[in-house]
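Residues per chain are reported as follows:
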Amino acid sequence: MYEYLSGKLAEITPSFAVIDCGGVGYMVEITVNTYTQIKDRDNVKLYVHYVVREDAHLLFGFYEIAEREMFRMLISISGVGVNTARVMLSTLTVDELKEAVATKNVKKVQSVKGIGAKGAQRIILEMQDKIGKVSDNAISSMFETNQNLEEALAALVMLGFQKAAADKVLQAVNKKQPGLSVEELIKEGLKAL
């Protein structure tokens, strides 16, 4: 529903930030890694994940899109909730977590507060299935490509094109020519639309 929030950093702690977006303050739960990246800034842009529960509506914010994608992968694992995923991404960086999964380093994953040996093994096993045998560079470029596609789609929609049609065209362009920049995707999308 929400892709990102961009605005003035009104308040920040290691566990949450309040972002003033046009006079409305959004409380966004963050990781320690995101806190380190934004603590000294006046204006920030956080990629968000919106969670609706029976008792609360929560926003989780991430400085990098790769961290948000890793968060989403983690919460898709049985037994890993939003709080556990946030603690994991506060303890380990995205790269450290990918390396731990790739090398099956149970002790590294187990170093996260609240995760035991069996939980760490299950997380590694399920993450390997989700990440697959792809190299770190390919994973990073996959996140970058997704971001480029999202930005190009937003631009085409702003230009007045139907979202579904623009998305279909951009997916086809990306399939034929993977790794295009946002500008190149927009140009190719305009040609096809």
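Rules of the game
- Residues numbered from 1 in each chain as written.
- Predicted model: local features only at pLDDT ≥ 70, side-chain atom pairs only at ≥ 80, totals over all residues.
- Heavy atoms only, no water.
- Helix = DSSP H or I, 4+ residues; strand = E, 2+ residues; numbered from the N terminus.
- 1 Å grid on protein atoms, 1.4 Å probe; cavity = no way out; pocket = protein on both sides within 12 Å on 5 of 7 lines; lining within 4 Å.
- Points joined across faces, edges and corners; volume = space filled by probe spheres on them.
- Nonpolar A, V, L, I, M, F, W, Y, C, P; charged D, E, K, R; others polar.
- pLDDT = per-residue confidence, 0-100.
- Contact = heavy atoms within 4.5 Å.
- Phe/Tyr/Trp six-rings, centres within 6.5 Å; stacked < 30°, edge-to-face > 60°.
- Buried < 20%, exposed > 50% of the residue type's maximum accessible area, 1.4 Å probe, protein only.
- Axes fitted to C-alpha atoms, helices over the stretch in contact; angles between N-to-C directions.
- Parallel < 35°, antiparallel > 145°, perpendicular 65-115°, else oblique.
- Left-handed = near helix turned anticlockwise from the far one by under 90°.
- Pairing = 2+ DSSP bridges.
- Arc of directions from axis to C-beta.

Visitor: What am I meant to see in unusual backbone geometry here?
Guide: Excluding glycine, a negative phi dihedral is what most residues carry, and trans is how most peptide bonds are arranged. Unusually for a residue other than glycine, Lys104 sits at a positive phi of about 55 degrees. Tracing the backbone shows Lys104 in the loop between helix 4 (94-102) and helix 5 (106-110).

Visitor: Explain the layout of surface pockets here, please?
Guide: Within this model, the largest pocket holds a volume of roughly 390 Å³. For the lining of the largest pocket, the elements supplying multiple residues, two or more each, are strand 4 (43-52), helix 7 (136-158) and helix 8 (163-176). Among the elements that make up the lining of the largest pocket, the one with the highest residue count is helix 7 (seven residues). Classifying every residue of the lining of the largest pocket by side-chain character gives eight nonpolar, two polar and six charged.

Visitor: How do you make sense of the confidence of the model for the protein when you look at a structure like this?
Guide: Detail in the predicted coordinates should be disregarded across regions flagged by low pLDDT. In the predicted model, the protein carries a mean pLDDT of 86, and the fraction of residues at 70 or more is 92%. Segment residues 133-139: pLDDT under 50, and four contacts once partners within four positions in sequence are set aside and those in other chains are kept.

Visitor: How do you make sense of the packing of aromatic side chains when you look at a structure like this?
Guide: The geometry of an aromatic ring pair comes down to the distance between the two centres and the angle between the two planes. Under the definition given, this model contains four aromatic pairs. On the numbers, 5.2 Å between centres and 35 degrees between planes, the contact of Phe60 with Phe71 is tilted. Taken as a pair, Phe60 in strand 5 (residues 57-62) and Phe71 in helix 2 (residues 65-75) lie far apart in primary sequence, eleven residues in all. Take Phe60 and Phe71: they sit in the same class, and that class is buried. Members of the aromatic cluster, each reached through a chain of ring pairs, are Phe60, Phe62 and Phe71.

Visitor: Looking at this structure, I do not really get the packing of helix 2 against helix 3 (residues 82-91). What am I missing?
Guide: How two helices pack is summed up by the angle between their axes together with the distance between the axes. In contact at an axis separation of 9 Å, helix 2 and helix 3 are set at 135 degrees when each is read in the N-to-C sense. The angle between helix 2 and helix 3 falls in the class oblique. Note that helix 2 runs across helix 3; the crossing there is right-handed. Touching Glu67, Met70, Phe71, Leu74 and Ile75 of helix 2 are Val82, Ala85, Arg86, Met88 and Leu89, all from helix 3. Classifying every residue of the contact of helix 2 with helix 3 by side-chain character gives eight nonpolar, no polar and two charged.

Visitor: Just to check I follow, could you spell out the sheet that holds strand 2 (residues 16-21) for this structure?
Guide: Sheets are built from strands that pair by backbone hydrogen bonding, the pairs being arranged parallel or antiparallel. Overall, mixed pairing links the five strands, which are arranged 1-2-3-5-4 in a closed barrel. Direction aside, neighbouring strands of the sheet carry axes that sit 55 degrees apart on average. Sheet analysis places strand 1 (residues 4-12) next to strand 4, joined by five bridges and oriented antiparallel. Paired with Leu5 across the strands is Leu46, a residue of strand 4. Lying on the sheet, helix 2 is in contact with strand 4 and strand 5; it crosses strand 4 at an angle near 15 degrees.

Visitor: Mind showing me how you'd approach helix 9 (residues 182-192) here?
Guide: Count 3.6 residues to each turn of an α-helix, and residues three or four apart come out pointing the same way. Turning to helix 9, its buried residues are Val182, Leu185, Ile186 and Gly189. In a view along the axis of helix 9, the buried residues occupy a sector of 100 degrees, so they form one face of it. For helix 9, the exposed residues set more than 90 degrees away from the buried face come down to Glu183, Lys187 and Lys191.

Visitor: Even after reading the chapter, I still don't get the pairing of strand 5, so can you show me in this structure?
Guide: Residues in a regular strand point their side chains to alternate faces of the sheet. The buried fraction of strand 5 is high, at five of six residues. As paired elements, strand 3 (residues 24-30) and strand 5 share two bridges and run parallel to each other. Across the sheet, Ile30 pairs through a bridge with Gly61, a residue of strand 5. Taken together, the six bridges between strand 4 and strand 5 define a ladder with antiparallel strand orientation. Directly across from Val52, in strand 5, lies its bridge partner His57. Where strand 4 folds back on strand 5, the antiparallel hairpin that results is connected by four residues.

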